[in-house]
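What follows is the residue order along each chain.
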Amino acid sequence: MDFDFAASERAFISDVREFLTTHREQDEADGVFAPNREADSMLSDSAARRVFNQRLAKAGYLGMSWDEQYGGQARDGIYDYLLNEELASVGAPLIGKGVGCIGKTLINHGSERLKKEFLPQILRGETEFALGYSEPGAGSDLASLQLKAERDGEYWVFNGQKMWTTSAHFADWYWVAARTDPAAAKHKGISVFLIPMDAPGLRITEIRTMGDHRTNQVFFDDVRVHTDYLVGEENQGWLYVCEALDYERFTLYTIGPLRTKFEALVDLLKLTLRDGQPLTTKDSVRRGIARLACDVETATMLQRRVIAAALRGDVPTVEAAMCKLYSTELGRRLADFALDCLGPMGLLRRSAADAPAAGKWEHSYRATVVDTIGGGSSEIQKNIISRRGLGLPSK
Ligand SMILES: Cc1cc2nc3c(=O)[nH]c(=O)nc-3n(C[C@H](O)[C@H](O)[C@H](O)COP(=O)(O)OP(=O)(O)OC[C@H]3O[C@@H](n4cnc5c(N)ncnc54)[C@H](O)[C@@H]3O)c2cc1C
């Protein structure tokens, strides 16, 4: 049994590291590399970030797993995953929504018109997307969504609201699930659309989370979109949403930052003195560190199981649920342990001059909460594991 990557995959990892080292020396690096950022979803827009995306594109890192006829390289999905791990480890923006969820769904189901318009711009790293699934009454139970799309000649007219749309305030296009047949069963009357973020009638308002993360509410007031921008078939949207969420689970959840954070925490505890001794000489701290070292290794192995299943051609639903549940809760446990060790000083925010590690752990404590909610909450992952993985009856 070999848990390591193949030689070609290791060679790819070292190429990516070299690419990142070069780019960390560029002028705009500060706007792109943020090793202390808690999650990719906390990114904000910047010219530097867009330049970096275009550099990734030029180096051939976007669309690696797409078919050659769409400008890809027909490589295994593992390369997208390896790239994202390396990007995440240095706090650089991940390749995600465009190449993964949206690009792949368009390749599988989109019209020739949409493929022609969107695939080349995704490959060039030019376009930012926002994902519009959740609504005030539809999160875990997403199929209850109520945003209304009604046909009016050559147009669809949208009325209603989306909730929690990350990056809506700087995205170019909105990938939206809407109800097109209110009379059909709830999973059956949904369609997916691409809507320009500057469409008249679309209004975006900010929501600031406890983790200092900006997300948004988006209101639709008679927003008109040409029928060309319906993705795939009318009322088949649920299928596309589920497929896109599977891509998201495969490429968007990375373990690298957990390991980086764990190592940074151990270094900090070695340097932090209590009663004149480093914290790492205290039994309770040593026990906690040893436990977390095992947990980081467990998270890594759970993630390898997701990749192995995906590479076999299986949909890794249960593996991904285990990995997401475990790794996102581990992110919270790491921050919790850090604050326990640092004591009252650990509560200082980054604006305070004396904050240990420039307030990183106080921020991490607040910012990691969202990871256990977005993309399916911990409770939903437990439901998947118990029902689909263990065959327990539904309640
Ligand atoms: C910061 C942030 C960014 C986000 N970004 C996006 C985005 O870009 N696009 C997007 O579409 N969405 C986004 N989301 C929404 C996210 O996917 C939802 O918040 C999530 O799916 C949970 O839905 P909800 O908030 O409606 O909570 P609810 O579904 O109402 O759940 C409330 C509580 O009940 C529990 N619960 C619900 N159903 C069950 C059940 N069947 N069994 C057991 N427990 C259950 C949940 O675990 C949770 O604890 C974001 C959310 C946040 C907080």
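Data block above holds the structure.
None of these values were measured; they are calculated from a predicted model.

Q: Describe in detail the environment of Arg 388, supporting the description with residues and values.
A: When you line up the elements, Arg 388 lands in helix α11 (residues 378-389). With 103 residues separating them in the primary sequence, Arg 388 and Val 285 have C-alpha atoms 38 Å apart. Each residue touching Arg 388, except ones within four places of it in the same chain, is listed here: Thr 317, Val 318 and Asn 383.

Q: Summarise the site of the ligand; cite the residues concerned and give the values.
A: Around the ligand, 18 residues are found, and the nearest of them are Leu 131, Ser 140, Trp 164, Ser 377 and Glu 379. Separating a nitrogen atom of the ligand from a side-chain N or O atom of Thr 166 is a distance of 2.8 Å. A distance of 2.5 Å separates an oxygen atom of the ligand from a polar atom in the side chain of Ser 377. It is α11 that contributes the most residues to the shell around the ligand, three residues altogether. Tallied by class, residues from the shell around the ligand come to six nonpolar, eleven polar and one charged. Counting residues domain by domain, the shell around the ligand receives three or more from each of domain 2 (130-235) and domain 3 (253-389).

Q: Explain the packing of aromatic side chains to me, using residue names and the numbers behind them.
A: Under the definition given, this model contains twelve aromatic pairs. A network of ring pairs unites the aromatic residues Phe 12, Phe 19, Phe 52, Tyr 61 and Tyr 79 as a single cluster. The residue whose ring lies beneath Arg 75 is Tyr 79, and the NZ or CZ to ring-centre distance is 4.1 Å. Positioned above the aromatic ring of Trp 361 is the side chain of Lys 360, whose terminal nitrogen or guanidinium carbon lies 5.4 Å from the ring centre.

Q: Explain the pairing of strand β5 (residues 190-196) to me, and be specific about the residues and the numbers.
A: Counting buried positions along β5 yields six of seven residues, so the element is predominantly enclosed. Pairing analysis gives seven bridges linking strand β4 (residues 173-179) to β5, with the strands arranged antiparallel. Each residue of the ladder has a partner; that of Val 176, found in β5, is Phe 193. By the bridge criterion, two bridges tie β5 to strand β8 (residues 230-231) in an arrangement that is antiparallel. Bridging across to β8, Phe 193 finds its partner in Leu 230.

Q: Talk me through the side chain of Arg 179; I want residue IDs and the actual numbers.
A: Looking at the secondary structure, you find Arg 179 in strand β4. Within the buried set, Arg 179 has no salt-bridge partner at all; the shortest N-O distance to an opposite charge, 7.4 Å, is to Glu 135. Setting aside residues no more than four positions away along its own chain, Arg 179 makes contact with Ala 143, Ser 144, Leu 145, Gln 146, Leu 147, Lys 148, Ala 149, Ala 185, Lys 186, Gly 189 and Ile 190.

Q: Give me the lowdown on the packing of helix α3 (residues 78-89) against helix α7 (residues 256-271), citing residues and values where you can.
A: Running from N to C, α3 and α7 cross one another at 30°; their axes reach a closest spacing of 8 Å. One way to sum up the angle between α3 and α7 is to call them roughly parallel. In the packing of α3 onto α7, the handedness of the crossing is right-handed. Contact residues: α3 offers Glu 85, Ala 88 and Ser 89, while α7 offers Gly 256, Pro 257 and Thr 260. Its residues placed into classes, the contact of α3 with α7 shows two nonpolar, three polar and one charged.

The rules behind each value
- Residues numbered from 1 in each chain as written.
- Predicted model: local features only at pLDDT ≥ 70, side-chain atom pairs only at ≥ 80, totals over all residues.
- Heavy atoms only, no water.
- Helix = DSSP H or I, 4+ residues; strand = E, 2+ residues; numbered from the N terminus.
- Contact = heavy atoms within 4.5 Å.
- Near = heavy atom within 4 Å.
- Polar contact = N/O pair within 3.5 Å; in protein donor to acceptor, adjacent residues only side chain to side chain.
- Nonpolar A, V, L, I, M, F, W, Y, C, P; charged D, E, K, R; others polar.
- Domains from an automatic or database assignment.
- Phe/Tyr/Trp six-rings, centres within 6.5 Å; stacked < 30°, edge-to-face > 60°.
- Lys NZ or Arg CZ within 6 Å of the ring centre and 35° of its normal.
- Buried < 20%, exposed > 50% of the residue type's maximum accessible area, 1.4 Å probe, protein only.
- Pairing = 2+ DSSP bridges.
- Lys, Arg positive; Asp, Glu negative; His and termini not counted.
- Salt bridge = Lys/Arg side-chain N within 4 Å of Asp/Glu carboxyl O.
- Axes fitted to C-alpha atoms, helices over the stretch in contact; angles between N-to-C directions.
- Parallel < 35°, antiparallel > 145°, perpendicular 65-115°, else oblique.
- Left-handed = near helix turned anticlockwise from the far one by under 90°.

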